[in-house]
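Inside the fold
Chain by chain, the residues:
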Amino acid sequence: MYRTHTCGELRPLHVGQTVTLAGWVHRQRDHGGITFLDLRDRYGIVQVVADPSRPEVHAAQEARAEWVLGVTGVVRRRPAGAENPHLATGEIEIEATRVEVLNPAKPLPFLINKDEETEEAVRLKYRYLDLRRERMQRNIILRHKVVKFIRDYLSERGFIEIETPMLFKTTPEGARDYLVPSRLQPGMFYALPQSPQQLKQLLMVAGFDRYFQIARCLRDEDLRGDRQPEFTQLDLEMSFVERDDVLDMVEGLFTAMVKQLLPHKRLLASPWPRLTYRQAVERFGTDKPDLRFGMELYTLNDIFAQTDFMVFQNVLKSGGVIKCIVAPGCADYTRKEVDDLTTFCKEQGAKGLATLALTAEGVKGTAQKFIKPQEEQAIQSLTGAQTGDLVLFIADSAAVANKTLSALRLLFRDRLKLADPNLLAFAWVVDFPMFEYNEEEKKWDAAHHPFTMPKMEDLPKFETDPSQILSDAYDMVLNGYETASGSIRIHRPDIQQKVFQLLGLKDEEIQAKFGHMIEAFQYGAPPHGGMAPGIDRLVMIFADEPNIREVIAFPKNQAGRDLMADAPSPASEKQLNELHIRLDLKKTD
Ligand code: ASP
């Protein structure tokens, strides 16, 4: 028998018992001829004491970090003063009667027993060692608990977990597909699903009325920022529901989850706040606002209607906006600090930044000479800015002003520590535009995906102004991240046809790509809707981690490579021949 107990479970109540343990050497040290080992498994660490006068425990002396040992011994209380309050097992130790080397270990590329900075590439190459570290064990176990909670919660509410195929046809979420060549049908390709979107809708047609899946999604995107080529969603879909039925279900799920799994975290508000897309962009400059702190954006077009300042005048004339935010307590920023902020704004695409510092000695800043006292008064009463604050203005197109001020707002969040890390500001953003105009390709794109239901009252705008059509799409946001998207779906073939047409799809294309959907929807499709919270991102936020790689057991690096297994890697000549594939690598360089 390898073990009677785990390393983490022994307590004073076990004193006097003979136990057998197995685990890794976390630390080893000699004290006055006696060997002390910290033996570790995923349940915890326990101290083992080996007296070299016993030959059966000699192995304790030769053991090194991360060797795998089997230990038998008697649990005893630690001598008074030698207890370790930081360790769950800190009141006891094991007096070893047998120490056996189950497997030695080479010297390690990095220490497991210290949470020291290790280069990311090294961590990923030796991911199985990185995963031994306490932080990673905690994250992966939290992830398991989150997924289990979801499964239990939804199963109790009549949801059925159904797997959908990985080898499928393109199911569009706006990214590039990963293709898999078919050996049996030369020249044909499966697409790996960007999400189970179509399949979950077909499950509604099949009558499964409440479906979910912990689904892997694969999107061949440029790996900007914190993205992975494959990631995991809680994919869910419900029939005979309206928007609020879906939102209430998901809100209930995460509210209960936080209560049970994250008692140290607080929800900003219950019920969660709801903003329309328009309100979110107007007040925070983004559709994924971090609501843990204020610093809202204000539109000053009315206040500056009579401005003499040419730059502002021109922006107003060209249909742009003048917006500001107030950075609390930053009136004493130096010239250099303001210059750095200006550079930051330019990087966001803004033409410039104007500032007004409300100092005790009066108003200063680059905008001071252009702003009349009554304008300044009006800004103060609109924004609540006070002496000591710095007002930051962007005058530009609405899109640029919003993007820039939203980025500034987050910069100040981090700089001034305005957001409580233990606060979870869940919120809903609703009423998204249905379409976005793609300037590059001169065509309309679906803002969410083409199966999203437009608002019924906006249907006439298909002919007049598609940019004004709102949809029944919604996002769940949390602390500045988009953590889920979803929508009520189109269940009427005539509306689906209209959407495909506006997206510029030809009839043959619609038939080839989505013929199966259109056909299915003619056999009695129930009204339905759903959404898909991103598990990686949510667990990342719950675990206070800065990126999703920290909560995925085997992630790819920023270039999409698995550094541990060294994938992607070349295929053999034989494999390529079987697939009827000839490489033409010249074209890619
Ligand atoms: N399929 C969508 C996505 O992956 C989610 C949904 O509409 O349910 O974002």
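Heads up: the structure comes first, above all this text.
In this text the structure is predicted, and so the values were computed from the model without any measurement.

**Quick notes on the site of the ligand**
As a structural note, the neighbourhood of the ligand is formed by 14 residues, with E173, Q197, K200, H448 and R489 the closest of them. Measuring from a nitrogen atom of the ligand, one finds a side-chain N or O atom of S195 at 3.2 Å. In the model, an oxygen atom of the ligand is placed 2.9 Å from a nitrogen or oxygen of the H448 side chain. Taken by itself the ligand offers 270 Å² of open surface, and the protein chains cover 95% of this. Contributing elements (two or more residues each) for the shell around the ligand: α5 (197–205), β23 (481–488) and β24 (528–533). Here the shell around the ligand is composed, by residue class, of two nonpolar, eight polar and four charged.

**Points about the side chain of Q47**
By secondary structure assignment, the location of Q47 is in strand β3 (residues 44–50). Contacts of Q47, omitting those with residues within four sequence positions, involve R29, F36, L37, D38, R78, E93 and I94.

**Some remarks on the environment of A327**
Topologically, A327 is positioned in strand β14 (residues 321–327). Relative accessible area serves as the criterion here: at 0%, A327 is assigned to the buried category. Note: C-alpha distance between A327 and D389 (62 residues apart in sequence) is 5.8 Å. Apart from residues no more than four positions distant in its own chain, A327 is found in contact with M295, D389, L390, L392 and F412.

**Quick look at the pattern of salt bridges**
For side chains of opposite charge, pairing can occur when their charged atoms come near one another. With the rule as written, the count across this model stands at 54 salt bridges. Between E95 and R76 there is a salt bridge, with its nearest N and O atoms 3.5 Å apart. Of this pair, E95 sits in strand β5 (residues 92–103) while R76 sits in strand β4 (residues 68–77), and the two are 19 residues apart along the sequence. Looking at E95, the relative accessible area reads 28%, which means it is partly exposed. A salt bridge links D396 to K351; the nearest nitrogen and oxygen atoms lie 2.9 Å apart. Residue D396 is found in strand β17 (residues 390–396), and its partner K351 is found in the loop between α9 (335–347) and β15 (354–359); the two are separated by 45 residues along the sequence. Residue class for D396 comes out buried when judged on its relative accessible area of 6%. For K351, a relative accessible area of 61% gives the class exposed.

**Remarks on the packing of aromatic side chains**
How two aromatic rings sit relative to each other is set out by the distance from centre to centre and by the angle between their planes. Under the criterion given, the structure shown has 18 aromatic pairs. An angle of 70° between the planes, with centres 4.9 Å apart, marks the rings of F304 and F312 as edge-to-face. Residue F304 is classed as buried on the basis of its relative accessible area, which comes to 0%. Residue class for F312 comes out buried when judged on its relative accessible area of 4%. Geometrically, the ring pair formed by F312 and F393 is tilted, given 6.5 Å between the ring centres and 50° between the ring planes. Of this pair, F312 sits in helix α8 (residues 310–317) while F393 sits in strand β17, and the two are 81 residues apart along the sequence. The two residues F312 and F393 agree in class, both being buried. Here the aromatic cluster, defined as three or more aromatic residues joined through ring pairs, consists of F304, F309, F312, F370 and F393. For the cation-ring pair, R157 lies above Y153, with the distance from its terminal atom to the ring centre recorded as 3.5 Å.

Quick notes on the rules
- Residues numbered from 1 in each chain as written.
- Predicted model: local features only at pLDDT ≥ 70, side-chain atom pairs only at ≥ 80, totals over all residues.
- Heavy atoms only, no water.
- Near = heavy atom within 4 Å.
- Polar contact = N/O pair within 3.5 Å; in protein donor to acceptor, adjacent residues only side chain to side chain.
- Areas by Shrake-Rupley, 256 points an atom, 1.4 Å probe, with all protein chains shown as cover.
- Helix = DSSP H or I, 4+ residues; strand = E, 2+ residues; numbered from the N terminus.
- Nonpolar A, V, L, I, M, F, W, Y, C, P; charged D, E, K, R; others polar.
- Contact = heavy atoms within 4.5 Å.
- Buried < 20%, exposed > 50% of the residue type's maximum accessible area, 1.4 Å probe, protein only.
- Salt bridge = Lys/Arg side-chain N within 4 Å of Asp/Glu carboxyl O.
- Phe/Tyr/Trp six-rings, centres within 6.5 Å; stacked < 30°, edge-to-face > 60°.
- Lys NZ or Arg CZ within 6 Å of the ring centre and 35° of its normal.

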